Structures are given as structure tokens and as C-alpha cells.
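# Geometric and topological summary
Spelled out, the chains give:
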Amino acid sequence: MAEFGIALIATLVKVGVLVGVVLGVSAYLTWFERKLAGHIQARLGPNVVGPFGLLQPLADAIKLATKESIVPKGADVPVFYLAIAMALVPSLLLFSVIPFGPEFTLFGKEVKPLISDVNIGILIVFAMGSLAVYGTIFSGWASNSKYAFIGSLRKASVIIAYEVVLGFAVLGVILLAGTMSTVGIVEAQAKSGIWYILYQPVAFVLFLFCMLAESGRVPFDIQEAEAELVTGYNVEYGGMKFGAFPLAEWYLNVIALSAIAVILFFGGWSGPGIFGALSPYVWFLVKTFSLVFFVIWLHWTLPRFQAKDITEIAWKIMLPLALANLIITAVAVYFLGG
Amino acid sequence: MEWIILGVLGFWLVASALGAVFVRNPVHSILFFLSSVIAISALFLSLGAELLAGLQLIIYAVAIVVFYVLVITTIPWEKVKRFEGIYKRELALSLPVLLVSLLAMGYMVYKGGLAEPVNLVKDNVRDLGKTLFTSYLFPFEVASVILLVAMIGAILLGRKEE
């Protein structure tokens, strides 16, 4: 009973800290992205509210929260609201299997800096990545609008195609590590001293493409396609209800999937201990945010694919590549040992 | 303390299954179905069958339900003629079957006691894979051939005649 209570309280504290930090970071990521986009396009970006425009996210939040809430005519009201939760929850749950560092001891108890160390961590990532599709489909359907529905169907076709590629691309890493646990994969890399990007460069490139596709970033943002669909599936939402969708898709998903990429291919928290006791966390955050920066950089540099090309690339080029990579890895692991 | 979690999950599962049957709107019905699939996966997770929970989420909650959702959401339901009322004859016909199966289940629960895990496995991904590809290789391959046949059939049905 007492042990159960302590475990429950520890988990609740971890969840609270994680949700608070992640939401705060994503709010400031909007500021960072707008600043970066400004400099890429030879503009200044936000610079009016606060020093360097640092208070801009707060101003945006107040603006979004105080806007009038409009529900379109003919909308399915319960599903219209439910879709917001269906978009946010999977993106937040992605963080539950991300280990931020090695185990440490606090008040004589072993504490793991992740919420749940299940031995199917990577499967949870796939599942949550694809569950996000329901938020998109139902928000488009419940809005009772053509543009929103076309956007959501496009996004559904993209997610279905790239989820398959993602699964097969990551299987190579799972074969090398011999486990599906996120902690186990990082420990396997730390023990051998070689990051899996050296063994699995093809898988990393495929993972990067799938990451862009799942988080709806350029060049895979056909569900938004401002020029054709206004902003796609979230066009009928207003105020903070509108804000929740880009928050989940563009920021939470990108951070979580970057962290997963770091765990799978860049050795997670491993790195030289030059920052003392904090060095695993520093390395993990540095690696993760370099990837986030790379994704945002691509977003403001590349043009968009045509809608029909995206699924064709996934099924006809990426899936065979991922399968070939998997077979070669399996043969190599069998003959050379993992 | 586990019984609280089990109770909550079980109540969630039964409530969403009932919702899937009794709700009129087909989209709401599929949402309740999705909720019950997720509840089953949570039950697996709370019982320690982690791989089953993951597969339940990936295969049922995403791969299968998403196609139902795509079909149901693209049909304009206002134009489809709907039956409003209760299927009386069907209810009368199914009642004996329902009663007998309920009695059988009640007898089994009364006599059998609750299941206890015998050999707890540590790494159920590895064990499941080993079992599938050694003891159950033939049924596994037969199942995949059946799925392949179904896929070819679906392609044939869906293809337009030239």
C-alpha cells in the first residue's frame, strides 16, 4: 500500500513536471521558430513585445484565449471538441517513454528520469504517432467544411503510408540493440561506444522523412497547404482551440520525435562527462534541440511536394528501401553477432 | 490496489462497448468502438502483457479502425435511409442465445476462479517471437496466406473493369 502510494506520487510528480516543461518549451519554440524564419527570410521576426520579442508567446496566448469561440453551423459539437483532445493526448503520451538520463538515487530510492520504462517503448511511439491521425480526421469531419475534410483525408493518407515506413526503418535498430525498450537501446549504444547512425544511415534518413511527414512539416505539409486549403483540417477552429493543433503537431510532435531519433540513432544521453553530474541531460537536450532546429530550418527552406507524390514516394521508394535495409541488417546481425 | 485500476478499465470497456451498440450516429458509434479498443489495450498493459497491448494499439486501434473511420466519414449519412426504432423480431430471436451464453459464463466464473499467471516471463517480445516461429510456425504461415488471399480478393473487387 505504502509502496504503491509512493510510486503513484512519484509518477504524478514526473508527469506534472514533464507536461509543464514540455508545454512551456513548445510555447517558446514558437518564438524561436518565428525569429529563425525571420532571419532566413531577411526580416527581423517578432521584436516589439518585450526584449527581443521574448514576451510574444505570452501575448499570443492571451490573444488566443480571449477570442470569441465559434462553432460552425452543422458541426458535430461533441466530436468537434473531442478532436482537440485526440490531437493533443497522443503527442503528450509520446513523451512518456523518453528517458532523459540514466538512473540516479534520490532519498535512497532509485529514480528513473522517464515516466514508464515498458519493454515495448518503441511500439508505444509507433502507436501514439499513428493515433494522432484520429485528431486530424475527426477535426476535419466534425467541422462540416470541405477544405477541412480534404485536409484531414490528405493527412490520413500520409500518416498511414509513413507509419509503415517508420516501423520498418526502426526495426533495424531494434535488431542491433536486441530490445524494444528505449532505455535498453541507449544502454546498448553506450556500452558498445558506437552510435547506431554509423550502422544505420539509411534508416536514419528514412526516420527523418517519416518524422517530417508525421508532424506535418515542410516538405510534407499537404494537409495544411495554405495556398490550396487555407490551413486544412483546423480551418474552422478559433482561439485556443485553433492553437492546440499546431502546438500538438508542429511543436510537441517534433520535439518528441527528435528525442526518439536521438535515442535510436545518436546514443541518447551518452557523451563525454564534461558538465559534471548534469552532462547526460545536457547532451540529451543539445542533441534533441539540434534536430528540432534542423527540422525548423528545413521548414523555412524547402518548397512543398505535390499531394500525389508524397504517398507514391512512401510506398514505391521508401518502403522497398526500408525492407532492403532491414534484410541486410538482419543477415549482418545473424552472421557477425549483434 | 490493482483492483481499482482493473475496475476503472473494466467499467470504461463495458461503457464504451454499450455506447458503440446503442448510439445512433455511425461516427459516434465508431468513436465508442475506438474507445473500447483502447480500453482493452490498457487492460493488457495493466496485466503485464506489454507486447499484446502495443500490438492491440497499433493493429486494432490504428490500422483497422482507421479504415472504418475513413469509409464512415466519407459517406453522406443524411442521404442514407435509416431505420429508426428497435429490431423487435431480431431481439426476440437472440434472447435465448444471450441467456445461454450468460449462464455458461456465470457458471465458468463461479466454478473456475480467477486466472493466476503460472510462469511469469521477463521479456515477452522475445518469447512470443520464439514461440510463433517454432511451435506455431505452420498456423502462423497459414494465417498469413489467408490474409494474402483476402488482400488479392479486395484488389480484384476494388479494381475497375477496363
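Remember, predicted model here, so these are calculated numbers, not experimental data.

## Structural notes on the overall build of chain A
For chain A, the helix and strand inventory stands at eleven helices and two strands. Here the C-alpha atoms of chain A give a radius of gyration of 21 Å, agreeing with the 20 Å that 2.2 N^0.38 yields for 338 residues. Each principal axis of the C-alpha atoms in chain A carries an extent, and together these give about 60 × 50 × 50 Å. Relative to its 338 residues, chain A shows a buried fraction of 45%. A separation of at least 24 residues holds for 77% of the contacts in chain A among residues at least 6 apart in sequence.

## Notes on the overall build of chain B
If you tally the helices and strands in chain B, you get six helices and zero strands. Sequence-ordered secondary structure for chain B, helices as α and strands as β, is α-α-α-α-α-α. A total of 162 residues make up chain B; the buried ones form 15% of that total. When contacts within chain B are restricted to residue pairs at least 6 apart in sequence, long-range pairs at least 24 apart make up 51% of them.

## Things to note about the confidence of the model for chain B
Residues and elements named next belong to chain B. Summary statistics for chain B give a mean pLDDT of 82 and a share of 85% for residues scoring 70 or more. The lowest-confidence element of chain B is helix 5 (residues 124-133), averaging 80 in pLDDT; the highest-confidence one is helix 6 (residues 137-158), averaging 89. Listed scores for the predicted complex are pTM 0.82 and ipTM 0.80.

## Concerning the interface of chain A and chain B
Interface size is often expressed as the accessible area that is lost when the parts come together. Of the residues lining the interface, 20 residues belong to chain A; the matching set on chain B comes to 17 residues. Those elements giving two or more residues to the side of chain A that touches chain B turn out to be helix 4 (121-142) and helix 5 (146-177) of chain A. Looking at side-chain class alone, the side of chain A that touches chain B contains 17 nonpolar, two polar and one charged residues.

## Brief notes about the nonpolar core
Residues and elements named next belong to chain A. Core analysis: the largest hydrophobic core is formed by 115 residues, its most contacted members being V165, A169, F207, C210 and L264. Looking at this core element by element, the count peaks at 18 residues for helix 9 (residues 239-265). In this view, F207 contacts L166, A169, V170, A261 and L264; residues no more than four positions away in its chain are not counted.

## So, the domain arrangement of chain A
Residues and elements named next belong to chain A. Considered domain by domain, chain A is made up of domain 1 (1-66) and domain 2 (75-336). Taken over C-alpha atoms, the centre of domain 1 sits 19 Å from the centre of domain 2. On the side of domain 2, 13 residues touch domain 1, which itself brings 16 residues to the contact. Where the side of domain 1 that touches domain 2 is concerned, the elements lending two or more residues are helix 1 (2-40) and helix 2 (56-65). Counting residues per element, the side of domain 1 that touches domain 2 draws most heavily on helix 1, which supplies 14 residues. Classifying every residue of the side of domain 1 that touches domain 2 gives eleven nonpolar, three polar and two charged.

## Things to note about unusual backbone geometry
Residue and element names in this part refer to chain A. Of note, A42 is a non-glycine position whose phi angle comes to about 55°, a positive value. Here A42 is to be found in the loop between helix 1 and helix 2. Its 6 C-beta neighbours within 10 Å are what place A42 among the exposed residues.

About the criteria used
- Residues numbered from 1 in each chain as written.
- Chains lettered and ligands numbered in written order.
- Predicted model: local features only at pLDDT ≥ 70, side-chain atom pairs only at ≥ 80, totals over all residues.
- Helix = DSSP H or I, 4+ residues; strand = E, 2+ residues; numbered from the N terminus.
- Rg over C-alpha atoms; globule rule 2.2 N^0.38 Å.
- Buried ≥ 20, exposed ≤ 12 C-beta atoms within 10 Å, placed from the backbone.
- Contact = placed C-beta atoms within 7 Å.
- pLDDT = per-residue confidence, 0-100.
- Nonpolar A, V, L, I, M, F, W, Y, C, P; charged D, E, K, R; others polar.
- Core = buried A, V, L, I, M, F, W, Y, C linked by C-beta atoms within 7 Å.
- Domains from an automatic or database assignment.

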